[in-house]
Amino acid sequence: MKLLVCGGAGFIGSNFVRQRLASSDDEIVVLDKLTYAGRRESLRDLEADARFAFVHGAIEDPEAVDHALAGAGAIVNFAAETHVDRSIAEPDAFVRTHALGTYVLLEAARKQGVRYLQVSTDEVYGSIEAGSFTESSPLEPSSPYSATKAGADLLVASYQRTFALETLICRGSNNYGPYQYPEKLIPLMILNAFHGDRLPVYGDGANVRNWLFVEDFASGISHVLEHGVPGETYNVGGPDESDNLTVVRRIIELSGADESLIEFVTDRPGHDRRYSLASEKVAALGWRAGTRFEQGIERTVAWYRENEWWWAPIRSGAYREYYERQYGTALAE
Ligand code: NAD
Ligand code: DAU
């Protein structure tokens, strides 16, 4: 099969493309706008593969999409603005990419008659104090990020019902692993711990996330693409949950940093307390998350230790300005 993978230069997309090229005969075309989070370097080891091609372009550009889609049998859409804090500071790009971009992709899929898989998030359900969200839980998103992702999911569902387009939706829980941009909790804490920088924990640090190793999310998406029932949504959750403070303390131990680096900072507005996904539906397709958090976090810290070539240019570039805007200069040293 030839796949169009939108957003394939990002964290999860690049892991998905790497896994797919290694485990199938697929040809893969990546369409990516290369925002600050899109890194061509994350695909560096795949560039020489004759089954891989890269197209620089935006999903909201119909010409770029039609060109990249030629001859493909399916679209897997990872392309998104993905950081909740940035969506609070500047929601504009979130609305454009998630609403307009998803619409342009759906129209192209409809015209060319190809299957469409939307990569979505547990954040569309909002926060849950106890128990887990199923695929039929109501959508109650809290941030401009999750609200626009929920809007995109509804648009996808409408194309299945109205136009009989074959669509699938995968809602993943919090991913971590190699190639994640260091604005997100785990890579930010790892790199700050390596450098002896302070570790900014929002609020009381008791917010809980359902951690999913990125290779497991990639294999879950492949399972849904190959075995999912068109029109259905599948939750893909991790095997372990943990509060943020426990995660940060484990990173401190693994990187040999000092606990005194932890600093409690002003909470994120609208901060969801807990996420939890019930994943029985995707498990019935034969998928399970093979990586427990303890094993995955060790692999992740080791990967960042061994791959400074990947993160050093990020930390010395525009990321510094973002960091100071988000956390203030007091935390920068
Ligand atoms: P990321 O920020 O690392 O990568 C996003 C990619 O999309 C980048 O390569 C970026 O350049 C590209 N992109 C952004 N806007 C684009 C546009 N308009 N046109 C083309 N390309 C564009 O994100 P990620 O963490 O890899 O997330 C990928 C997908 O998975 C997103 O849809 C996200 O909502 C979803 N998701 C993420 C997580 C997580 O924990 N990171 C969990 C569940 C679901
Ligand atoms: O749940 C899936 C979602 O997970 C994805 O859809 C999003 O794209 C992805 O960014 C992620 O969202 P979160 O908001 O949960 O991830 P983040 O890494 O930003 O934060 C994780 C938790 O850590 C959250 O409770 C906020 C907290 N946090 C985060 C940062 C960046 C801190 O305490 N300090 C920080 O500096």
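Residues numbered from 1 in each chain as written. Chains lettered and ligands numbered in written order. Predicted model: local features only at pLDDT ≥ 70, side-chain atom pairs only at ≥ 80, totals over all residues. Heavy atoms only, no water.

(A) Examining the overall build of the protein chain more closely. Assigned secondary structure in the protein chain consists of 12 helices and 12 strands. Its C-alpha atoms give the protein chain a radius of gyration of 19 Å, within 12% of the compact-globule value 20 Å for 333 residues. With the principal axes as the frame, the protein chain shows a C-alpha extent of 55 × 45 × 35 Å. Considering the protein chain as a whole, with its 333 residues, one finds that 57% of them fall into the buried category. Pairs at least 24 residues apart make up 82% of the contacts formed inside the protein chain by residues separated by at least 6 positions. Looking at the protein chain as shown, the accessible area adds up to about 13,400 Å², and 50% of this sits on carbon and sulfur atoms. The protein chain carries 32 positive and 48 negative side-chain charges, and their two centres are separated by 2 Å. (Helix = DSSP H or I, 4+ residues; strand = E, 2+ residues; numbered from the N terminus. Rg over C-alpha atoms; globule rule 2.2 N^0.38 Å. Buried < 20%, exposed > 50% of the residue type's maximum accessible area, 1.4 Å probe, protein only. Contact = heavy atoms within 4.5 Å. Areas by Shrake-Rupley, 256 points an atom, 1.4 Å probe, with all protein chains shown as cover. Lys, Arg positive; Asp, Glu negative; His and termini not counted. Charge placed at Lys NZ, Arg CZ, Asp CG, Glu CD.)

(B) Quick peek at the pairing of strand 9 (residues 208-213). Burial runs high along strand 9: 6 of the 6 residues are buried. Taken together, the 2 bridges between strand 7 (residues 175-176) and strand 9 define a ladder with parallel strand orientation. Within strand 9, the position partnered with Y176 by the bridge is F213. (Pairing = 2+ DSSP bridges.)

(C) Summary view of the domain arrangement of the protein chain. Examined at the domain level, the protein chain breaks down into domain 1 (2-175 + 212-236) and domain 2 (181-209 + 240-269 + 295-325). For domain 1 versus domain 2, the separation of C-alpha centres amounts to 25 Å. Counting residues at the interface gives 15 residues for domain 1 and 14 residues for domain 2. With both sides pooled, the region where domain 1 packs onto domain 2 buries about 1,500 Å², and carbon together with sulfur makes up 51% of that total. In terms of surface lost to domain 2, no three residues of domain 1 exceed H83, R86 and F213, which account for 31% of the buried area on that side. Applying the counting criterion to the domain 1 and domain 2 interface returns 3 salt bridges. Applying the counting criterion to the domain 1 and domain 2 interface returns 9 residue pairs in polar contact (both at pLDDT 80 or more). Here the side of domain 1 that touches domain 2 gets 4 residues from one element, more than from any other, and that element is helix 3 (residues 84-89). A class-by-class count of the residues in the side of domain 1 that touches domain 2 yields 5 nonpolar, 4 polar and 6 charged. (Domains from an automatic or database assignment. Buried area = accessible area lost by both parts, 1.4 Å probe. Salt bridge = Lys/Arg side-chain N within 4 Å of Asp/Glu carboxyl O. Polar contact = N/O pair within 3.5 Å; in protein donor to acceptor, adjacent residues only side chain to side chain. Nonpolar A, V, L, I, M, F, W, Y, C, P; charged D, E, K, R; others polar.)

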